[in-house]
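# Residue-level structure breakdown
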Amino acid sequence: MNCLTAQFLFRTARRWLALGAVIFAASGVRAADAPQPGRFLLIFETSPALKKNLPAIRQTLDILFSSNLQHEMQENDDLAVWTVDQDLHPDTFRLENWVPANAEVYSTRLKDFLGRQNFTRRASLDAVQPQLNRVVKNSERLTVLIFCDSQAHLVGTPYDSGVNRSE
């Protein structure tokens, strides 16, 4: 992995973790006797700049899935994938219930899916916000990872300043 790709990966990882932590805290997780199923949402910007980093993203996906998203994702948690260019595409990849034994298969399917995307349009995270607000409102426990080129900024959320500052 070259230096620029590593810098991109680490800068983007900080954004993912910051957004995930803020959304997780803001979703009002309550202590209960039985844990509530979690929801995990991966959002991929399909800009030309991100296409250059697909090899690093593929490696990251392998690491994330083999570690159950660093031991955060539990069996039967929901896992959704959205893509965004100028518009949001929330239904282009089938929603899954997480099964740790299928991590490698899931990672391969997602990497193949990403390889088939058109990375031709400038992306705008503005398109994500209305739908993301609905998901946050209807989730007990939610983690969101945004894979982006860090050129577009999150706008219109209570998390904007923290996420946009994490470059």
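Here we summarise the structure given alongside this text. A quick note: this is a predicted structure, and the numbers were derived from the prediction, not measured.

## Concerning the overall build of the protein
Check the secondary structure of the protein and you find seven helices and four strands. Counting from the amino terminus, helix and strand elements in the protein follow one another as α-β-α-α-α-β-β-α-α-β-α. Relative to its 167 residues, the protein shows a buried fraction of 50%. In the protein, the proportion of contacts linking residues at least 24 apart, taken out of those at least 6 apart, comes to 80%.

## Considerations on the packing of helix α3 (residues 54–66) against helix α5 (residues 103–115)
Two elements in contact, α3 and α5, have axes whose closest approach is 9 Å; the angle formed by their N-to-C orientations is 160°. In this view, α3 runs roughly antiparallel relative to α5, as classed from their interaxial angle. With respect to the hand of their crossing, α3 and α5 are arranged in right-handed fashion. Side by side, α3 and α5 meet where Leu54, Ile57, Arg58, Leu61, Asp62, Phe65 and Ser66 of the first sit next to Ala103, Tyr106, Ser107, Leu110, Lys111, Leu114 and Gly115 of the second. Each residue belonging to the contact of α3 with α5 can be placed in one class, and the counts come to eight nonpolar, three polar and three charged.

## Description of the side chain of threonine 46
Structurally, threonine 46 is set in the loop between β1 (39–45) and α2 (48–51). Residue threonine 46 is classed as buried on the basis of its relative accessible area of 3%. Here threonine 46 is in contact with Thr83, Val84, Asp85, Gln117, Asn118, Phe119, Thr120 and Arg121, once residues within four sequence places are set aside.

## Remarks on the sheet that holds β1
Taken together, four strands build an open sheet; the order of strands is β3-β2-β1-β4 and the sheet is mixed. Each edge of the open sheet is held by one strand with a lone partner, namely β3 (88–97) and β4 (142–147). Ignoring strand direction, the axes of neighbouring strands in this sheet form an average angle of 15°. In this structure, β1 lies alongside strand β2 (residues 78–84), joined through seven bridges in parallel fashion. For glutamate 45, the partnering residue across the bridge sits in β2 and is valine 84. Contacts from α3 reach β1, β2 and β4, with the element oriented near 160° to β4. Lying on the sheet, α5 is in contact with β1, β2 and β3; it crosses β3 at an angle near 165°.

## Let's talk about the nonpolar core
The biggest cluster of nonpolar side chains holds 23 residues, and the ones touching the most others in it are Leu42, Phe44, Leu61, Phe65 and Leu110. Broken down by secondary-structure element, the contributors of at least two residues to this core are β1, α3, β2, α5 and β4. In this structure, phenylalanine 65 is in contact with Leu42, Met73, Leu79, Trp98, Ala103, Tyr106, Ser107 and Leu110, ignoring residues within four places of it in sequence. In terms of nonpolar packing, the next biggest core, distinct from the first, is built from 15 residues, Val84, Val128, Leu132 and Cys148 among them.

## Focus on the pattern of salt bridges
Applying the stated criterion across every chain yields a total of six salt bridges. A salt bridge links aspartate 77 to arginine 141, with the nearest nitrogen and oxygen atoms 3.0 Å apart. With aspartate 77 in the loop between α4 (68–71) and β2 and arginine 141 in the loop between α6 (129–137) and β4, this pair connects stretches of sequence that are 64 residues apart. Counted as one network, the salt bridges with shared partners bring together Asp85, Asp87 and Arg121.

Analysis parameters
- Residues numbered from 1 in each chain as written.
- Predicted model: local features only at pLDDT ≥ 70, side-chain atom pairs only at ≥ 80, totals over all residues.
- Heavy atoms only, no water.
- Helix = DSSP H or I, 4+ residues; strand = E, 2+ residues; numbered from the N terminus.
- Buried < 20%, exposed > 50% of the residue type's maximum accessible area, 1.4 Å probe, protein only.
- Contact = heavy atoms within 4.5 Å.
- Axes fitted to C-alpha atoms, helices over the stretch in contact; angles between N-to-C directions.
- Parallel < 35°, antiparallel > 145°, perpendicular 65-115°, else oblique.
- Left-handed = near helix turned anticlockwise from the far one by under 90°.
- Nonpolar A, V, L, I, M, F, W, Y, C, P; charged D, E, K, R; others polar.
- Pairing = 2+ DSSP bridges.
- Core = buried A, V, L, I, M, F, W, Y, C linked by side-chain atoms within 4.5 Å.
- Salt bridge = Lys/Arg side-chain N within 4 Å of Asp/Glu carboxyl O.

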